[in-house]
Amino acid sequence: MQLADFTAIAQECRESRFKFEAFRQDPIVVNLGWPDDVLEQWLYDHADKGTFLEDYGTVDPSRIRWDVEVVSADDLAEMPTGSSDRSCIDEYAANPSHWINVRKHGIHVGVDLCWNTHGTWKRWPILIDRTLLHPPGLGLQVVEGRTRVGVLKGRRREGNYVANNHLAWVGRVTF
């Protein structure tokens, strides 16, 4: 199984009136046993994006188990993302206030309050154990939530409040 196996399903569901609800109920998706938040942020939103297919096309989704973990701000600030968008986290970090301010509507209502009150994001990002990648690596990598990690990095640089630890979805190898 590969990320591309979800491309047609994600496209079809996004174009239907049932959207994510239809996607999460597709048998191939159900069999993964992934949390809805991970399904939506990664497979539903990005299974047909060229950069994600380039970076994660060899990852076997059936080999990943997801847990919420505490990750330090220090680790997040140094964490890479996929090679196709290698510099995007630093680009977001260059102007964190902008990226917070453009997120005020719809599902983004409250993003600024979360940063200013709690020093963290509203929605947990998606991180993956780099041993799942080809070639494998060490540590974790940001799959989705690159803007959020960039905002964290930029706020730290500017001396704004950032919590020491943050929650994130972390995908690791299923044994």
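Our subject is the structure that appears above.
Residues numbered from 1 in each chain as written. Predicted model: local features only at pLDDT ≥ 70, side-chain atom pairs only at ≥ 80, totals over all residues. Heavy atoms only, no water.

1. What to know about the overall build of the chain
(1) Moving on: Helices and strands together make up the secondary structure of the chain, namely ten helices and four strands.
(2) Moving on: Across the chain, helices and strands are ordered from the amino to the carboxyl terminus as α-α-α-α-α-β-α-α-α-α-β-β-α-β.
(3) Moving on: In terms of C-alpha radius of gyration, the chain reaches 16 Å, essentially the compact-globule figure of 16 Å for 175 residues.
(4) Moving on: Expressed as lengths along the three principal axes of its C-alpha atoms, the size of the chain is roughly 45 × 40 × 25 Å.
(5) Moving on: Total accessible area on the chain stands at roughly 9000 Å², and carbon and sulfur atoms take up 50% of it.
(6) Moving on: Distance between charge centroids for the chain: 4 Å, based on 20 positive and 25 negative side chains. (Helix = DSSP H or I, 4+ residues; strand = E, 2+ residues; numbered from the N terminus. Rg over C-alpha atoms; globule rule 2.2 N^0.38 Å. Areas by Shrake-Rupley, 256 points an atom, 1.4 Å probe, with all protein chains shown as cover. Lys, Arg positive; Asp, Glu negative; His and termini not counted. Charge placed at Lys NZ, Arg CZ, Asp CG, Glu CD.)

2. Section: the packing of aromatic side chains
(1) Moving on: The tally for this structure, following the rule as stated, stands at eleven aromatic pairs.
(2) Moving on: An angle of 70 degrees between the planes, with centres 5.4 Å apart, marks the rings of Phe20 and Tyr44 as edge-to-face. Of the two residues, Phe20 sits in helix 2 (residues 19-25) while Tyr44 sits in helix 4 (residues 36-46), which places them 24 residues apart along the sequence. One exposure class covers both Phe20 and Tyr44, and it is buried.
(3) Moving on: Here the aromatic rings of Phe52 and Tyr56 are separated by 6.0 Å at their centres, their planes lie at 45 degrees, and the arrangement is tilted. Within this pair, Phe52 and its partner Tyr56 are both found in helix 5 (residues 50-56), separated by four residues, close to a single helical turn. (Phe/Tyr/Trp six-rings, centres within 6.5 Å; stacked < 30°, edge-to-face > 60°. Buried < 20%, exposed > 50% of the residue type's maximum accessible area, 1.4 Å probe, protein only.)

3. Some thoughts on a nonpolar patch on the surface
(1) Moving on: Judged by side-chain polarity, Val68, Val70 and Leu167 come together as a nonpolar surface patch covering roughly 240 Å² of accessible area.
(2) Moving on: Examined against the element boundaries, Val68 turns out to sit in strand 1 (residues 64-72). (Patch = residues over 30% accessible without salt bridge, like charges linked within 9 Å, V, L, I, M, F, W, Y side chains within 5 Å. Salt bridge = Lys/Arg side-chain N within 4 Å of Asp/Glu carboxyl O.)

4. Structural notes on the sheet that holds strand 3 (residues 140-144)
(1) Moving on: An order of 1-4-2-3 is seen for the four strands of this open sheet, with the pairing classed as mixed. Whereas interior strands pair on both sides, the edge strands pair on one side only; in this sheet they are strand 1 and strand 3. Geometrically, the sheet is characterised by an average inter-axis angle of 35 degrees between neighbouring strands, direction not taken into account.
(2) Moving on: Together, strand 1, strand 2 (126-129), strand 3 and strand 4 (165-173) form the strand contacts of helix 4, whose direction differs from that of strand 2 by roughly 85 degrees.
(3) Moving on: Across the face of the sheet, helix 10 (residues 146-158) comes into contact with strand 3 and strand 4 while running at roughly 120 degrees to strand 3. (Pairing = 2+ DSSP bridges. Axes fitted to C-alpha atoms, helices over the stretch in contact; angles between N-to-C directions. Contact = heavy atoms within 4.5 Å.)

5. What to know about helix 4
(1) Moving on: A large share of helix 4 lies buried, amounting to eight of its eleven residues.
(2) Moving on: Residues Asp37, Val38, Leu39, Gln41, Trp42, Leu43, Tyr44 and His46 constitute the buried set of helix 4.

6. Quick word on the nonpolar core
(1) Moving on: Counting residues in hydrophobic clusters, the biggest one holds 28 residues, and the most contacted among them are Phe23, Trp34, Trp42 and Tyr56.
(2) Moving on: Looking at this core, the elements with two or more residues in it are helix 1 (7-15), helix 2, helix 4, helix 5, strand 1, strand 2 and strand 4.
(3) Moving on: The element best represented in this core is helix 4, accounting for five residues.
(4) Moving on: Aside from chain neighbours lying at most four places away, what touches Phe23 is Phe6, Ile9, Ala10, Cys13, Val29, Leu39, Leu43 and Tyr44.
(5) Moving on: Core analysis: the second largest hydrophobic core is formed by 21 residues, Cys88, Ile89, Trp121 and Leu152 among them. (Core = buried A, V, L, I, M, F, W, Y, C linked by side-chain atoms within 4.5 Å.)

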